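Reading the structure
Single-letter residue listing:
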Amino acid sequence: MTSPVKSPFGRHHTAEDVSEGVDLTGKRAVVTGASSGIGAETARVLAERGAEVTIAARRPDAAAVVAAQIGAHSDVRRVHAAALDLTDRTSVAQFADAWDGPLDLLINNAGVMRLPDLTRDAHGREMQFATNHLGHVDLTTRLHGALASASDGARVVMVSSSGHLFSPVVFDDVDFRFRPYDPLAAYAQSKTAEALFAVAITQRWAGDGIVANAVDPGAIATRLQRHVGGSLATPTHLRKTVQQGASASVFAAVSPLLHGVGGRYFADNVEAEIVDARPAAPEDIGRSAARYALDPDGADRLWTLSHRLLRRS
Ligand SMILES: NC(=O)c1ccc[n+]([C@@H]2O[C@H](COP(=O)([O-])OP(=O)(O)OC[C@H]3O[C@@H](n4cnc5c(N)ncnc54)[C@H](OP(=O)(O)O)[C@@H]3O)[C@@H](O)[C@H]2O)c1
């Protein structure tokens, strides 16, 4: 049993706080879905710390605007915008094929949440599982060589959510073909899958110097929450700013405390408590990780299933 990672940071710290003193000069980072919200702030702070950052987004115009805004405050040559639609296999392949050289930090941040009606991608996959999980599996797998060639090892960050506590991955029905569609269950399943993928990456690729962790950014009023009434859905004292939310990804990506650490789940910038039942209090939900989301056997099974589904499409 490995001991939990502790840190001096908590829920109120920002991405700038958790990366203070870290020099990312010479590092290259990709942040998916960074044309808005938590991803844009993550990209900004990584660039501010000296990294060369690529904003990978399905709306290239919006990505270019964010890149220009970030570039106005750091070296514009180090901030790039690139097209990436995670539900489009061709788009993912084009992005990965165009990547040249090593990749030190991959922040799998893009996501959709609680789509009100059952929606499928072009391959028939449920849209939240397809976007949040399968698209990132496809992208990360295609970038394996670039990650493996990072000189000091590479880190992958899976932006999960405390929402994962509302459903495990239902392996026999990830696409809601046998059970009634439920927006929260679908989001939860996809976020459990993201946490399990961090475990699977570390299991398979730690020998290549690649580790991955999952994070919960907390509750932040971004565009993501448009289907659930925005920040009003979260008690006031539990809401975070975008700067605080982005601390989760930046902490997992750059903190020296996490050197060589993988397959863990962090919330409020500390390792979450592993639970066997969903806590009742919202405060406790926000600092818990379901055991099923970190289960090595589940991670292995999901890796196999995900690659089988990707091969089929
Ligand atoms: N906000 C919260 O309270 C909260 C809580 C827990 C976890 N999270 C997680 O944090 C991450 C970032 O969310 P956010 O709150 O910053 O929301 P956001 O502002 O809506 O950002 C989500 C990003 O994902 C992109 N995206 C969606 N579908 C995509 C696709 N098919 N291909 C590529 N990009 C796609 C969106 O692009 P478009 O602009 O084109 O739609 C957007 O840039 C998500 O993974 C979310 O689940 C958020």
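For clarity, every value in this text was computed on a predicted model and none was experimentally measured. (Residues numbered from 1 in each chain as written. Predicted model: local features only at pLDDT ≥ 70, side-chain atom pairs only at ≥ 80, totals over all residues.)

On to the overall build of the chain. Looking only at helices and strands, the chain features ten helices and twelve strands. Relative to the 2.2 N^0.38 estimate, which gives 20 Å for 313 residues, the radius of gyration of the chain is 18 Å and therefore close to what a compact globule would have. Its C-alpha atoms give the chain principal-axis dimensions of roughly 50 × 40 × 40 Å. Sorting the 313 residues of the chain into buried and exposed places 50% on the buried side. The long-range fraction of contacts in the chain, counting pairs at least 24 apart against all pairs at least 6 apart in sequence, stands at 74%. (Helix = DSSP H or I, 4+ residues; strand = E, 2+ residues; numbered from the N terminus. Rg over C-alpha atoms; globule rule 2.2 N^0.38 Å. Buried ≥ 20, exposed ≤ 12 C-beta atoms within 10 Å, placed from the backbone. Contact = placed C-beta atoms within 7 Å.)

Moving on: the nonpolar core. Of all hydrophobic cores here, the largest spans 92 residues; its most connected members are Ala43, Leu46, Ile55 and Leu196. With twelve residues, the top contributor of residues to this core is helix α7 (residues 183-205). Leave out the neighbours within four places in its chain, and Ile55 touches Val31, Ala34, Ser35, Ala43, Ala63, Val66, Ala67, His80 and Ala81. (Core = buried A, V, L, I, M, F, W, Y, C linked by C-beta atoms within 7 Å.)

Turning our eyes to something else, we now look at the sheet that holds strand β4 (residues 105-108). A sheet is described by the order of its strands in space; here eight strands give the open sequence β3-β2-β1-β4-β5-β6-β9-β10, paired in mixed fashion. Sheet topology places β3 (79-83) and β10 (270-271) at the edges, where each strand pairs with a single neighbour. Relative to β10, strand β9 (residues 265-267) runs antiparallel, the two sharing two bridges. Paired with Ala267 across the two strands is Val270, which belongs to β10. (Pairing = 2+ DSSP bridges.)

Now for helix α2 (residues 37-48). With twelve residues, α2 should cover 16 Å at 1.5 Å per step; its first-to-last C-alpha distance of 17 Å lies within 8% of that length. Buried within α2 we find Gly37, Ile38, Gly39, Ala40, Glu41, Thr42, Ala43, Arg44, Val45, Leu46 and Ala47. Positive backbone phi, approximately 110°, marks Gly50, located one or two places after α2. (Expected span 1.5 Å × (residues − 1).)

Negative phi is the rule for most residues except glycine; trans is the rule for most peptide bonds. In this structure, Arg114 is a non-glycine residue whose phi angle is positive, near 50°. You can see Arg114 is positioned in the loop between β4 and α5 (127-142). Backbone geometry places Phe176, a non-glycine residue, at a positive phi of 55°. Among the structural elements, Phe176 can be located in the loop between β5 (154-159) and α7. Using a count of 18 C-beta atoms within 10 Å as the deciding quantity, one classes Phe176 as partly exposed.

Looking at the ligand, there are 31 residues lining it, with Gly33, Gly37, Gly111, Thr222 and Leu224 nearest. For the shell around the ligand, the secondary-structure elements that each account for two or more residues are α2 and β7 (219-220). In terms of residues, the shell around the ligand owes the most to one element, α2, which gives three residues. Residue composition of the shell around the ligand, grouped by class: 13 nonpolar, 13 polar and five charged. (Near = placed C-beta within 6 Å. Nonpolar A, V, L, I, M, F, W, Y, C, P; charged D, E, K, R; others polar.)

Turning next to the environment of Met113. Relative to the helices and strands, Met113 resides in the loop between β4 and α5. Separated by 182 residues in sequence, Met113 and Asp295 place their C-alpha atoms 24 Å apart.

Before going further, it helps to examine the packing of α5 against α7. Interaxial distance between α5 and α7 falls to 7 Å at its minimum, and their mutual angle equals 20°. The orientation of α5 relative to α7 falls into the category roughly parallel. α5 and α7 meet at a crossing whose hand is right-handed. The segment α5 lies against α7, with Gln128, Phe129, Asn132, His133, His136, Val137 and Thr140 engaging Ala186, Tyr187, Gln189, Ser190, Lys191, Ala193, Glu194, Phe197 and Ile201. Residue composition of the contact of α5 with α7, by class: seven nonpolar, seven polar and two charged. (Axes fitted to C-alpha atoms, helices over the stretch in contact; angles between N-to-C directions. Parallel < 35°, antiparallel > 145°, perpendicular 65-115°, else oblique. Left-handed = near helix turned anticlockwise from the far one by under 90°.)

Bringing helix α3 (residues 60-71) into the picture now. With twelve residues, α3 should reach 16 Å at 1.5 Å per residue; the first-to-last C-alpha distance of 16 Å fits that figure. Of all the residues in α3, the buried ones are Ala63, Val66, Ala67 and Ile70. Down the axis of α3, the buried set is contained in an arc of 100°. They therefore lie on one face. Those residues of α3 that are exposed and angled more than 90 degrees off the buried face are Asp61 and Ala68. Among the structural elements, α2, β2 (52-57) and β3 are those in contact with the buried residues of α3. (Arc of directions from axis to C-beta.)

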